Amino acid sequence: MRAPVLTEKMRDHLAVIMVFISPACFCSNMLLARAMAGTLPPVTMAVLRWGLVALLLGIALWPQIRAHLPALRAEAGQIIWLGGLGMGLCGAPIYLAGHYTTATTIGLIYSVCPLLILAFGFGLYRVAVRPAAALGMVCGFIGVAVILIRGDLSVLAGLAFNTGDLLVVVGTLAFAFYSLGLKYRASALPPMLRFAACAAAGALWHLPFLGYELVVQNQTVTFSSDVLAAIAVLVFISSIGAYLSYGYIVARLGAARAGAVLYIVPVYNAVFAILLLGEVLSAYHLIGLSLILPGLWLANRG
């Protein structure tokens, strides 16, 4: 019998390496939301991302699609609303946000998604929340509040929030509900096939808005080398790479250790935004980060 290429120990070591690679995959989407602002229209960007993901996975998973056609039909409604949440409201609105706010801010707001999942899980499904986790949620939400008002109480008094920041809040809330739907809605589909189906639904959700963007707003796309590279990163790194790497970490190291990815994402995002986009950290970013990171640690520990 032929020996496996990778031993179990080597697979575990690979998973540890993935803990440091996976956050970069997640960050790439937020960085491109800012980097491609004004170059690639937001709805076009989302349709290309999720449409190509669905197409490539559909080809790769064609035998599974044929085997699970009855389940796909039975779960069509569920897939449509999951795709609308996880790929629709988390698609074009985030890319549009990149026109108004920084990649650093996008990453920090998005990083509290696990805390929102915990809070909504408690409110909707009566998931037990220990005191440490509750304290973590409070810390994280205060951190996001500091970022939303940009450390200035007059913003709160005048409700003068940044448009981009609010779009990211909408996307973060949508992704939290998407995550809860994946967890608590029973499915007969293999996880990767379910992801591919949701990606297809997400692309379809964007089509009416794509028509508006192309026809009414008259926004056109020039497929330069930069645009093609950005699309490739969105498809292979931000989407497929992020999904597969995180899934591998959970499978090999367990969900608790995979939580380390949550702490690294906002840090990576801030560092890459500074190095690649020339962004500058403000005091409110540092205050928010100092509250969000302990909040994530407490929530994951609790």
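The preceding data block contains the structure.
Analysis parameters
- Residues numbered from 1 in each chain as written.
- Predicted model: local features only at pLDDT ≥ 70, side-chain atom pairs only at ≥ 80, totals over all residues.
- Heavy atoms only, no water.
- Salt bridge = Lys/Arg side-chain N within 4 Å of Asp/Glu carboxyl O.
- Helix = DSSP H or I, 4+ residues; strand = E, 2+ residues; numbered from the N terminus.
- Buried < 20%, exposed > 50% of the residue type's maximum accessible area, 1.4 Å probe, protein only.
- Core = buried A, V, L, I, M, F, W, Y, C linked by side-chain atoms within 4.5 Å.
- Contact = heavy atoms within 4.5 Å.
- Polar contact = N/O pair within 3.5 Å; in protein donor to acceptor, adjacent residues only side chain to side chain.
- Patch = residues over 30% accessible without salt bridge, like charges linked within 9 Å, V, L, I, M, F, W, Y side chains within 5 Å.
- Areas by Shrake-Rupley, 256 points an atom, 1.4 Å probe, with all protein chains shown as cover.
- Lys, Arg positive; Asp, Glu negative; His and termini not counted.

**Q** Please clarify how the pattern of salt bridges should be interpreted in this entry.
**A** Working definition: two side chains of opposite charge can pair if their charged atoms are close together. In this structure the tally under the stated criterion is 4 salt bridges. One salt bridge connects arginine 252 with aspartate 12, and the closest N-O pair in it is separated by 3.1 Å. One end of the pair, arginine 252, is in helix α13 (residues 225-253); the other, aspartate 12, is in helix α1 (residues 8-35), with 240 residues separating them in the sequence. Taking relative accessible area as the criterion, aspartate 12 reaches 30% and is therefore assigned partly exposed. If you follow the salt bridges from partner to partner, you end up with Glu8, Arg11, Asp12 and Arg252 in one network.

**Q** Explanation requested: the nonpolar core in the structure shown.
**A** In globular proteins that are soluble, nonpolar side chains generally tend to be buried together. The biggest cluster of nonpolar side chains holds 76 residues, and the ones touching the most others in it are Val53, Leu57 and Phe195. The dominant element in this core, judged by the number of residues it contributes, is helix α12 (residues 191-216), at 10 residues. Setting aside residues up to four positions removed in sequence, phenylalanine 195 forms contacts with Trp50, Val53, Leu57, Met87, Tyr178, Ser239 and Tyr243.

**Q** Sorry, what's going on with the side chain of glutamine 78 here?
**A** Tracing the sequence through the fold places glutamine 78 in helix α5 (residues 76-88). According to the relative accessible area criterion, glutamine 78 is buried, its value standing at 15%. Reaching out from glutamine 78, the side chain makes a polar contact with the side chain of arginine 194 at a distance of 2.6 Å. Beyond its immediate sequence surroundings of up to four residues, glutamine 78 is in contact with Arg185, Ala186, Ser187 and Arg194.

**Q** Would you mind showing me how to read a nonpolar patch on the surface here?
**A** A cluster of nonpolar side chains, namely Val267, Val271, Ile274, Leu275, Leu276 and Leu277, defines an oily patch on the protein surface of about 510 Å² accessible area. Inspection of the secondary structure assignment puts leucine 277 in helix α15 (residues 260-277).

**Q** When you look at the environment of alanine 188 in this model, what are you seeing that I'm missing?
**A** In this fold, alanine 188 is placed in the loop between α11 (163-184) and α12. Separated by 116 residues in sequence, alanine 188 and leucine 72 have C-alpha atoms that sit 8.5 Å apart. Once residues within four sequence positions are removed from consideration, alanine 188 is found in contact with His68, Ala71 and Glu75.

**Q** What is the right way to look at unusual backbone geometry in this model?
**A** Note: most peptide bonds trans; most residues except glycine with negative phi. Positive phi, close to 55°, is recorded for arginine 126, a residue that is not glycine. Here arginine 150, not a glycine, exhibits a phi torsion of approximately 55°, which is positive. Within the secondary structure layout, arginine 150 lies in the loop between α9 (131-148) and α10 (153-158).

**Q** Before we go on, may I ask you to explain the environment of alanine 232 in this structure?
**A** Structurally, the position occupied by alanine 232 is in helix α13. Exposure remark for alanine 232: the relative accessible area of 33% places this residue in the partly exposed category.

**Q** Can you help me understand the side chain of arginine 194 in this one?
**A** Considering the arrangement of structural elements, one finds arginine 194 in helix α12. Buried arginine 194, no salt bridge; nearest opposite-charge side chain is glutamate 75, N-O distance 4.6 Å. At 3.1 Å, the side chain of arginine 194 and the backbone oxygen of arginine 185 are in polar contact. For arginine 194, the residues in contact, after removing those within four places along its chain, are Gln78, Leu82, Gly181, Leu182, Arg185, Ser187 and Leu189.

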